[in-house]
Amino acid sequence: MIGLISATAAGAAARDRLAAAWPDRTRVYEGPVGDAVRAAFAECEQLVCFLATGAVVRLVAPLLGDKKSDPGVVCVDEGGRFAVSLVGGHGGGANELAERVGELLRAEPVVTTATDAVGIPGLDTLGLPVEGDVAGVTRALLDGEPVALDAEVAWPLPPVPFAEEGSTQGSYTVRLTDRAAEPAEGEVLLRPPSLVVGVGASKGAPVEEVLGLVEGALRDAGLSPRSLAELVTVDAKREEPGIVEAAARLGVPLVTYSAEELAKVEVPNPSDAPLTAVGTPSVAEASALVRGGELLVPKRKSARADGHASMATCAVVRRAGRGRLAVVGLGPGARDLLTPRATAELRRASVLVGLDQYVDQIRDLLRPGTRILESGLGAEEERARTAVAEARKGQAVALIGSGDAGVYAMASPALAEASDDIDVIGVPGVTAALAAGAILGAPLGHDHVSISLSDLHTPWEVIERRVRAAAEADIVVTFYNPRSRGRDWQLPKALAILAEHREPTTPVGVVRNASRPDESSRVTDLGSLDPATVDMMTVVTVGNTATREIAGRMVTPRGYRWQEGAK
């Protein structure tokens, strides 16, 4: 919950705007400001104070305890010009909250955390448990001192400017490990969620027995419980109280699989007992191994002090971190048409793969340490293979394309290369057709289709058949890649096919470099368009029989009922 506190009418007006935008996330605190801040500080995860920063400093200073648990505090000035991250920038989420508040109130977010100021992700913001000299290692990163990455477990991380492998190392290290270890001087331990514990239990197995077995298995194997990702078992045990409560106490989800699925997993220690009880020769080992990984602790049984038979078994598996491939659409070119999600993925990626001219568009958004793999025109398949290969190494990869990555762009070749051994995330973008449509008016108000006239990848016979189908179906057509110096006859041919079914007065929109500084556009008609004025940077939109030019804009109605009256 976010507590909202104000002292004046101007502050209350801004406060109420925030409360209306986030009704389920905010709570307004009325009354004397001091009492309101103290109550909100005790009850909320975050605070937004519509007060002077000096006043808030004095009010919250006596309340501060530990930056790991204190709420994040954001101050907004009376004029609504700035949203200042004051306390708990990372741990309390105040930096991100300042950004969100700034977006809603049109205020400038002010973030002074050193790592955020220079674009380096804080070691305590990577989404992994962290131990050790976080301040010292972070300071070394900020000062440009060499910080080594010792990745004992492959795991996708956002870009951090670690020293190159093999270079002269300094006295600072970030160790990515699931081993039980104490951090050395100048060392930070990052705990990836790489460990999975499979659990089997007899009916009524006590939680203490299950929990003691799991904790003992991790301890004896020298593994950190902070890297435990989940407890897993068979579906038949999804409601077994001892297993359910053990997962809750360990703070991890309980995941279950069907007996049929587990029975297919090869394990070193099958048994007839679980086969009879739940239909699979293994529960602990099979459930831990069903999604792959390295068996670190084979099946072991719990030991009971009262001499009774064991009621629980467990096995421990290490799963390597899955690589992450984000296929990102950059939009038509204008920075303000790049989506926030695309920006977030670009800043998250440790490896960027893309066409050189697209990389240049967003180079300033990348974090320091991002590895850039760029290439020229005509290497789409190679870029897709490169991006997938990097993701398979456990990297966080962004593969970029213009417009929407799924429309005549990089998503298709990338997904053709990818298998289910990596995570693939699609990030939509504004297409050239949509950008051109907005410039022209509303030409896409009814059914429409996009057709590329480039026959480099598609035989012309197929393209022509599609153009004829669109012409006969009376669908608005947007032509991509309409004409180049080496392909100058395809557009005239496509327009001639459309002219067989549409009047010469049918509106046609021509937009070049949509949303870019040298953008140009015009509305003409099918009988007057000169194909020689069109190039590869142009999008050509041909209306249907209902499309009209109104006040210089193309408009395609949502229905045909007013068509007769508009003639």
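Source: prediction; values computed, not measured.

J.: When you look at the packing of aromatic side chains in this model, what are you seeing that I'm missing?
T.: Pairs of aromatic rings are described using the distance from one ring centre to the other and the angle between the two planes. Evaluated as defined, the whole model comprises 2 aromatic pairs. Their ring planes at 55 degrees and their centres at 4.8 Å tell us that Y408 and Y480 sit as a pair that is tilted. A residue pair is termed long-range when its members are at least 10 positions apart, and Y408 in the loop between β19 (396-401) and α15 (411-417) and Y480 in strand β23 (residues 476-480) qualify at 72 residues. Its relative accessible area of 45% is what places Y408 among the partly exposed residues. A relative accessible area of 11% places Y480 in the buried class. Considering the side-chain rings of W460 and W489, the 5.0 Å spacing of their centres and the 70 degrees angle between planes classify their relative orientation as edge-to-face. Taken together, the residues span a long stretch of sequence, with W460 in helix α17 (residues 460-472) and W489 in the loop between β23 and α18 (490-499) at a distance of 29 residues. Exposure remark for W489: the relative accessible area of 43% places this residue in the partly exposed category. When the ring centre of W22 is taken as origin, the NZ or CZ atom of R25, which lies over that ring, is 4.3 Å away.

J.: Whenever I open this one, the pairing of strand β22 (residues 448-452) confuses me. Can you help?
T.: A regular strand places its side chains on the two faces of the sheet in alternate fashion. With 5 bridges connecting them, β22 and β23 associate as parallel partners. Within β23, the position partnered with S452 by the bridge is Y480. Once you follow β22 into α17 and on to β23, the crossover reads as right-handed.

J.: Honestly, the sheet that holds β19 in this entry has me stumped. Any pointers?
T.: Within a sheet, neighbouring strands are paired by backbone hydrogen bonds and run either parallel or antiparallel to one another. The sheet built from 5 strands is open, its strands ordered β18-β17-β19-β16-β20 with parallel pairing. Strands with a single pairing partner mark the edges of an open sheet, and in this sheet they are β18 (371-375) and β20 (423-427). Mean inter-strand twist for the sheet, computed between neighbouring axes without regard to direction, equals 15 degrees.

J.: Looking at this structure, I do not really get the packing of helix α1 (residues 9-21) against helix α4 (residues 94-105). What am I missing?
T.: Each packed pair of helices is defined by two parameters, the angle between the axes and the distance between the axes. Two numbers describe how α1 lies on α4: the axes approach to 10 Å, and their chain directions differ by 105 degrees. Considered as vectors, α1 and α4 are oriented roughly perpendicular to each other. Contacts from A14, R17, L18 and A21 of α1 reach α4 at V101, L104 and L105. In terms of residue class, the contact of α1 with α4 is built from 6 nonpolar, no polar and 1 charged.

J.: Where do I start with the environment of G79 in this structure?
T.: Along the chain, G79 turns up in the loop between β4 (72-76) and β5 (82-87). Separated by 28 residues in sequence, G79 and A107 place their C-alpha atoms 9.2 Å apart.

J.: When you look at the nonpolar core in this model, what are you seeing that I'm missing?
T.: Generally speaking, nonpolar side chains in soluble globular proteins are found buried as a group. V197, V199, L218, L231 and V316 are the most contacted members of the largest nonpolar core, which totals 24 residues. For this core, the elements supplying multiple residues, two or more each, are β11 (195-201), α7 (207-220), β12 (228-234), α8 (241-250) and β15 (312-318). Considering each element in turn, this core owes the most residues, 7 residues, to α7. Core analysis: the second largest hydrophobic core is formed by 21 residues, V467, L526, L529 and V542 among them.

J.: Hey, could you run me through the pattern of salt bridges in this one?
T.: A side chain of one charge can pair with a side chain of the opposite charge when the charged atoms of the two come close. Per the counting criterion, the structure on display carries 31 salt bridges. Residue D364 pairs with R335 through a salt bridge whose shortest N-O separation is 2.9 Å. Here D364 is found in the loop between α13 (356-362) and β18, whereas its partner R335 is found in the loop between β16 (324-329) and α12 (340-348), with 29 residues between them in sequence. Classification of D364 as exposed rests on a relative accessible area of 55%. Ionic pairing is found between R512 and D535, a salt bridge with its closest N-O pair at 2.8 Å. Taken as a pair, R512 in strand β24 (residues 507-512) and D535 in the loop between β25 (520-525) and β26 (538-542) lie far apart in primary sequence, 23 residues in all. One connected set of salt bridges, linked through shared partners, spans R15, D16 and E30.

J.: What exactly am I supposed to notice about the side chain of R324 here?
T.: Structurally, the position occupied by R324 is in strand β16. Here the side chain of R324 touches E345 through a polar contact of 2.7 Å, side chain to side chain. Among all residues touching R324, those that are not within four sequence positions of it are E345, R348, A391, Q395, A396, V397, D423 and I425.

J.: I'm lost on unusual backbone geometry in this one. Help?
T.: Among all residues except glycine, the phi angle is most often negative; among peptide bonds, the trans geometry is most common. Of note in the backbone geometry, D474 takes a positive phi value of approximately 60 degrees without being a glycine. Relative to the helices and strands, D474 resides in the loop between α17 and β23. Non-glycine residue N513 carries a positive phi angle of around 55 degrees. By secondary structure assignment, the location of N513 is in the loop between β24 and β25.

J.: What is the right way to read the environment of L365 from this model?
T.: Of note, L365 is situated in the loop between α13 and β18. When the C-alpha atoms of L365 and V388 are compared, they prove to be 22 Å apart, with 23 residues separating the residues in sequence. Beyond its immediate sequence surroundings of up to four residues, L365 is in contact with R335, L338, T343, L346 and R347.

J.: Help me out: how do you make sense of the sheet that holds strand β27 (residues 548-550) in this one?
T.: In space, the 3 strands of this open sheet follow the order β21-β28-β27, with mixed pairing throughout. Sheet topology places β21 (441-442) and β27 at the edges, where each strand pairs with a single neighbour. Bridge analysis of β27 against strand β28 (residues 553-555) gives 3 bridges, and the strand direction is antiparallel. Its bridge partner being in β28, E549 is matched across the sheet by M554.

What counts as what
Residues numbered from 1 in each chain as written. Predicted model: local features only at pLDDT ≥ 70, side-chain atom pairs only at ≥ 80, totals over all residues. Heavy atoms only, no water. Phe/Tyr/Trp six-rings, centres within 6.5 Å; stacked < 30°, edge-to-face > 60°. Helix = DSSP H or I, 4+ residues; strand = E, 2+ residues; numbered from the N terminus. Buried < 20%, exposed > 50% of the residue type's maximum accessible area, 1.4 Å probe, protein only. Lys NZ or Arg CZ within 6 Å of the ring centre and 35° of its normal. Pairing = 2+ DSSP bridges. Right-handed = clockwise from strand over helix to strand, strands pointing away. Axes fitted to C-alpha atoms, helices over the stretch in contact; angles between N-to-C directions. Parallel < 35°, antiparallel > 145°, perpendicular 65-115°, else oblique. Contact = heavy atoms within 4.5 Å. Nonpolar A, V, L, I, M, F, W, Y, C, P; charged D, E, K, R; others polar. Core = buried A, V, L, I, M, F, W, Y, C linked by side-chain atoms within 4.5 Å. Salt bridge = Lys/Arg side-chain N within 4 Å of Asp/Glu carboxyl O. Polar contact = N/O pair within 3.5 Å; in protein donor to acceptor, adjacent residues only side chain to side chain.

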